[in-house]
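Each chain, written out:
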Amino acid sequence: MSTALRLTQQEVDPIGGVAAAPLVLIGSILGAATSIALTAWHWDEVGSVLAAIAGILLVAAAGAVATVSALPSRAPFTVERLWFAVALAVGGAIAEYVSTVGADRYLYDNYGPLVVGILILSLAPFSTWVSLLAAGAVAAAVLAILAVGSSGASALQANAAALVAVNSVAVLALSAAGAAYSATIVRESLAWQREANAIALERDGGVRAGIVRSVQQGRVSVLSREVLPFLAGVMNAERISVADADRARELAEMLRRALKAGIESTWLDDLASSIAAARRIPITVDDPGATAARLRSDQRPPLTALLSWLSSAERSDAIRIRVAAEGSGSIVRVEARVAAAGGSAPARREVERFLAVARAVGVRADLEMARENIRVEFRYDA
């Protein structure tokens, strides 16, 4: 549970976070429309037109901030963005209170609680359930104070407890719904990932065993094809010539390279080899320091998905991957030559989707596109 306290849907399910971004826009539009409609509904209670307009503008600003902050290109969403958006929405509620102070006959036609609750609910995929509840509780407290302050002018003359309940129930209910959604989706996603990781580890064990066998077979192939016939010839010769000594050094170097390639091979080399064999596209990996091995399991999927996509549907003619260490992190540059006429050349918008997913998990990503080449750069922290 301690891990789930710090996680959001955007972090555990980046693709789901990208898909949820339009929901924030819908919530923002709904909140702004609600503020306009309810202001018009009790326009006869408005004493300050300037304050009423300011309230609507603050609600619209809160929605705009929430929408822009939740864009995939600005991932990851931070708790500071949540508090800023909620503060603007609460500011709109305060402005509405000021606009009707002394003339507010009913509390149920005030848009403050509903607008704040809708905004918090729409940001549920991008916030932890703890931060959602905290924001809802603080906003409800502020709105309750406003309700008590306006009770003197209320025609209902209800007691303070009833006023607080009426003015905070919408915020608390919608915040609780958002928190429940966030907690549930994170818990289910983590459970699914644990199950998938267990399967992947079991499969990885088989892959590693296959790699060991392939390395051994490679050594046997070198021995049987080159070394053993040479040794048989040397054993039957009466004397060893200079040419034989040179050939022996050449074979020793060949065997050493085969062993070194097998030992230093990383998951990225294996991935490139498997994709190249399956898609029949040349993929080269330049990773002299085996830096790719330092990437964590949660950092590898964006790179893997991009390589798989670029190599499919005749999008590229060739792909080159260069990996280099940078301090405690690493840089991975993927350079693809766009396919010739007749292929399905990648579009910037399509590639940006992969970068959005990478940014959602904390990987910095940049894109450069020319007519014939695509260059994507991922920067990973250790």
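The written sequence of each chain sets the order in which its residues are numbered from 1. Per-residue local features of the predicted model are confined to residues with pLDDT of at least 70, and side-chain atom pairs are confined, for both listing and counting, to 80 or more; whole-chain, interface and lining totals are unaffected and use all residues. Water and hydrogen atoms play no part in the side-chain values, which are based on all heavy atoms of the structure.

Digging into the side chain of Thr 8
Filter applied, for reference: Helical segments are the DSSP runs of H or I of at least four residues, strand segments are the runs of E of at least two, and each set is numbered from the N terminus. Contact criterion: two residues are considered in contact whenever any of their non-hydrogen atoms come within 4.5 Å of each other.
Relative to the assigned elements, Thr 8 resides in the loop between helix H1 (2–5) and helix H2 (9–12). What Thr 8 contacts, discounting residues up to four positions off in sequence, is Pro 125, Phe 126, Ser 127, Thr 128 and Val 186.

A look at the pattern of salt bridges
Where we set the bar: Whenever Lys or Arg places a side-chain nitrogen within 4 Å of a carboxyl oxygen from Asp or Glu, that contact is recorded as a salt bridge. For the exposure calls, accessible area comes from a 1.4 Å probe over protein chains only, and a residue counts as buried if that area is under 20% of its type's maximum, exposed if over 50%, partly exposed in between.
Inspection of the entire model under this criterion finds five salt bridges. Glu 368 is the salt-bridge partner of Arg 375, the closest N and O atoms lying 4.0 Å from each other. Taking the relative accessible area as the measure of exposure, Arg 375 reaches 28% and is therefore partly exposed. A salt bridge links Arg 379 to Glu 377; its shortest N-O distance comes to 2.9 Å.

With respect to helix H3 (residues 14–41)
Threshold: Here the expected length of a helix is defined as 1.5 Å per residue gap, with one fewer gap than residues. To get the bend at any residue, fit one axis to the seven residues that end at it and another to the seven that begin at it, then take the angle between the two axes.
In this model, H3 (28 residues) spans 41 Å end to end at C-alpha, consistent with the 40 Å of a helix rising 1.5 Å per residue. Ala 20 marks the point of greatest bend in H3, at about 30°, and the proline Pro 22 comes within the next four residues.

Focus on the UniProt feature "transmembrane region" (unreviewed entry) in the chain
Basically, it comes down to this: UniProt positions are given in the numbering used here, feature names are shortened, and annotations may be inferred rather than shown by experiment.
The sites that carry the UniProt feature "transmembrane region" (unreviewed entry) are, in the present numbering, residues 20–43, 49–70, 82–103, 115–148 and 160–181. In residues 49–70, the share of helix is 95% and the share of strand is 0%. The end C-alpha atoms are 32 Å apart. Along residues 115–148, the helical share is 82% and the strand share 0%, with 19 Å between the first and last C-alpha atoms.

Things to note about the environment of Ala 336
Here Ala 336 shows up in strand E3 (residues 329–338). Once the C-alpha coordinates of Ala 336 and Ala 318 are considered, the two residues, 18 residues apart in sequence, prove to be 5.8 Å apart.

Some details on the nonpolar core
To keep things clear, this is the line we draw: In this description, a nonpolar core means a group of buried Ala, Val, Leu, Ile, Met, Phe, Trp, Tyr and Cys residues linked to one another through side-chain atoms lying within 4.5 Å.
If you look at the biggest cluster of nonpolar residues, it comprises 31 residues, and the most contacted ones within it are Leu 268, Leu 303, Leu 307, Ile 319, Val 332, Val 376 and Phe 378. Of all the elements in the fold, those that place two or more residues in this core are helix H10 (267–279), helix H11 (300–310), strand E2 (316–326), E3, helix H12 (348–360), strand E4 (364–369) and strand E5 (373–380). Sequence-distant contacts of Phe 378, defined by excluding residues within four places in its chain, comprise Pro 302, Leu 303, Leu 306, Ser 330, Ile 331, Val 332, Ala 358, Val 363, Arg 364 and Ala 365. With 28 residues, the next largest nonpolar core counts Ala 62, Ala 66, Val 86 and Ala 93 among its residues.

Focus on the confidence of the model for the chain
The test is simple: What pLDDT conveys is the predictor's confidence in a given residue, as a value from 0 to 100.
Per-residue confidence for the chain averages 78 on the pLDDT scale, and 73% of its residues sit at or above 70. When mean pLDDT is taken per element in the chain, helix H4 (residues 49–69) scores highest with 94 and H1 scores lowest with 54. In this model residues 153–158 is a low-confidence stretch, pLDDT under 50, and it forms 11 contacts with partners more than four residues away in sequence or in other chains.

Overview of the pairing of E5
This is how the line gets drawn: Two strands form a pair only when DSSP identifies at least two bridges running between them.
Summarising the sheet, E4 and E5 pair through six bridges and their orientation is antiparallel. Following the sheet pairing, Ala 365 is matched in E5 by Phe 378. Counting the residues between successive antiparallel strands, the hairpin from E4 to E5 contains three residues.

Topic: the side chain of Ser 182
The condition is simple: Throughout this description, a polar contact denotes any pair of N or O atoms lying within 3.5 Å of each other; where both atoms belong to protein, one of them has to be capable of donating a hydrogen while the other can accept it, and for residues adjacent in sequence the pair is counted only when both atoms sit in side chains.
Looking at the element boundaries, Ser 182 is found in helix H8 (residues 160–236). A relative accessible area of 1% places Ser 182 in the buried class. In this structure the side chain of Ser 182 is engaged in a polar contact, spanning 2.8 Å, whose partner is the backbone oxygen of Ser 127. Once you skip the residues sitting within four places of it in the chain, Ser 182 turns out to touch Ala 124, Ser 127, Thr 128, Trp 129 and Leu 132.

Brief notes about unusual backbone geometry
We note that Arg 280 has phi near 55°; this positive angle belongs to a residue other than glycine. Looking at the element boundaries, Arg 280 is found in the loop between H10 and strand E1 (283–286). We classify Arg 280 as exposed; its relative accessible area is 77%.

Description of a nonpolar patch on the surface
Selection criterion: Grouping into patches uses exposed residues only, defined as over 30% relative accessible area, and leaves out salt-bridged ones; the cut-off is 9 Å for like charges and 5 Å for nonpolar side chains (Val, Leu, Ile, Met, Phe, Trp, Tyr). Surface accessibility follows the Shrake-Rupley procedure with a 1.4 Å probe radius. Residue values consider only the protein chains on display as shielding.
On the surface, a cluster of nonpolar side chains totalling about 400 Å² of accessible area is made up of Trp 43, Val 49, Ile 53 and Leu 57. Mapped onto the fold, Val 49 is located in helix H4. Overall, the relative accessible area of 42% leaves Val 49 in the partly exposed class.

Thoughts on the pairing of E1
Stated precisely, the cut-off is as follows: For the handedness criterion, the strands are oriented away from the viewer, and a crossover whose path from the first strand over the helix to the second runs clockwise is classed as right-handed.
In this sheet, E2 lies alongside E1 in parallel orientation, the contact comprising four bridges. Bridging across to E2, Thr 284 finds its partner in Arg 320. You can see the chain leave E1, run along H11 and come back into E2, and the turn it takes is left-handed.

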